[in-house]
Amino acid sequence: MEKLRAIIVPILLLAFTGCGGDSSSPRSAESVTSSSPTSSPTPAKLIHHDEPGPAPAGAIEEVMKDIKYQMPAITAPPGRIVIHLVNKEVPPPPGLCINGGNLCKDHTMTITDSAGHILAASAIVKPGHDSVFVLDDVPAGSYLFHCSILAHASAFGMKGTLTVS
Ligand SMILES: [Cu+2]
């Protein structure tokens with residue numbers, strides 16, 4: 001009898017410690033329902049695609065050089081917006097470009113709302129290459145854009161504004 005109790009007690013202790021610390025379940029539900037009523041409605045994710053070939057007439061040309069957008073403020077009417085992304089960086093010498101790092105000088109254009117939510121993102125454009133970045137049905141509003149490659153936006157200031165009106 002004494003021997004049996006010696007076995008059962010440690011099992012019970014194990015059972016209690018095993019399910020301890022599980023007291024935080026309501027937290028996730030709370031964060032889902034809490035939304036700030038003052039924020040403006042987020043536009044739907046922009047429909048975009050990267051088209052091969054030369055830029056069509058009327059495209060906005062954005063030259064990317066020295067880890068900067070040469071035109072940091074773009075304005076366009078609502079609707080279809082075509083941006084010709086031209087990477088005019090000199091390709092880095094062999095050995096400097098490691099795993100798509102900052103020094104590869106690859107660039108993108110990622111468009112966000114003012115809160116930083118990503119609405120559209122271009123393909124990566126390598127030095128000496130270009131890409132046609134098409135945004136369909138863009139509603140009027142103020143948008144931000146930046147290069148998504150590592151520290152190009154944060155450390156080099158590769159960012160800008162897109163005003164659609
Ligand atoms: Cu970049």
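Since this is a predicted model, take the numbers as computed values, not measurements.

Trainee: Tell me about the overall build of the protein, and name the residues and values.
Mentor: If you tally the helices and strands in the protein, you get 2 helices and 10 strands. Ordering the α and β elements of the protein from the N terminus gives α-α-β-β-β-β-β-β-β-β-β-β. Counting only residues that meet the buried cut, the protein has 18% of its 165 residues in that class.

Trainee: Would you mind going over the sheet that holds strand β9 (residues 141-146) in detail, with residue names and values included?
Mentor: Overall, mixed pairing links the 5 strands, which are arranged β4-β10-β9-β6-β7 in an open sheet. The open sheet terminates on both sides in strands that have one partner only, identified here as β4 (73-76) and β7 (118-121). Direction aside, neighbouring strands of the sheet carry axes that sit 25 degrees apart on average. In this sheet, β9 lies alongside strand β6 (residues 110-112) in antiparallel orientation, the contact comprising 3 bridges. Opposite I111, over in β9, you have F145 as the bridge partner.

Trainee: Account for the sheet that holds strand β1 (residues 47-51), naming residues and giving values.
Mentor: Strand order in this open sheet of 5 strands is β1-β8-β5-β2-β3, and the pairing throughout is mixed. Two strands close off the open sheet at either side, each with one partner strand: β1 and β3 (68-69). Here 5 bridges tie strand β2 (residues 60-65) to strand β5 (residues 79-87), and the two strands are oriented parallel to one another. Counterpart to I60 in the pairing with β5 is I83.

Trainee: Please provide a residue-by-residue account of unusual backbone geometry, values included.
Mentor: The backbone of K105 sits at a positive phi, close to 60 degrees, despite the residue not being glycine. Here K105 shows up in the loop between β5 and β6. The phi torsion at L150 lies on the positive side, around 35 degrees, for a residue other than glycine. The topology assignment puts L150 in the loop between β9 and β10 (159-164). You can call L150 partly exposed: it has 15 C-beta atoms within 10 Å.

Trainee: Got a sec to walk through the environment of I47? Specific residues and values, please.
Mentor: Locating I47 in the fold gives a position in strand β1. Between the alpha carbons of I47 and L135 there is a distance of 5.8 Å; along the sequence they are 88 residues apart. Beyond its immediate chain neighbours, meaning those up to four positions away, I47 contacts D136 and D137.

Trainee: A description of the nonpolar core should follow, citing residues and the corresponding values.
Mentor: Grouped together as the largest cluster of nonpolar side chains are 19 residues, with contacts concentrated most on I83, L85, M109, I111, Y143 and F145. Of all the elements in the fold, those that place two or more residues in this core are β5, β7, β8 (130-138) and β9. Not counting residues up to four positions away in its chain, the partners in contact with I111 are L46, L119, A120, Y143, F145 and L162.

Trainee: Before we move on, could you go through the confidence of the model for the protein and cite the residues and values that matter?
Mentor: Residues with a pLDDT of 70 or more make up 73% of the protein, whose mean pLDDT is 80. Of the regions scoring below 50 in pLDDT, residues 4-39 engages in 0 contacts with residues more than four places distant in sequence or in other chains.

Trainee: Can you tell me about the environment of E89, naming the residues and giving the values?
Mentor: Along the chain, E89 turns up in the loop between β5 and β6. The residues contacting E89, other than those within four sequence positions of it, are M64, K65, K105 and P127.

Calculation notes
- Residues numbered from 1 in each chain as written.
- Predicted model: local features only at pLDDT ≥ 70, side-chain atom pairs only at ≥ 80, totals over all residues.
- Helix = DSSP H or I, 4+ residues; strand = E, 2+ residues; numbered from the N terminus.
- Buried ≥ 20, exposed ≤ 12 C-beta atoms within 10 Å, placed from the backbone.
- Pairing = 2+ DSSP bridges.
- Axes fitted to C-alpha atoms, helices over the stretch in contact; angles between N-to-C directions.
- Contact = placed C-beta atoms within 7 Å.
- Core = buried A, V, L, I, M, F, W, Y, C linked by C-beta atoms within 7 Å.
- pLDDT = per-residue confidence, 0-100.

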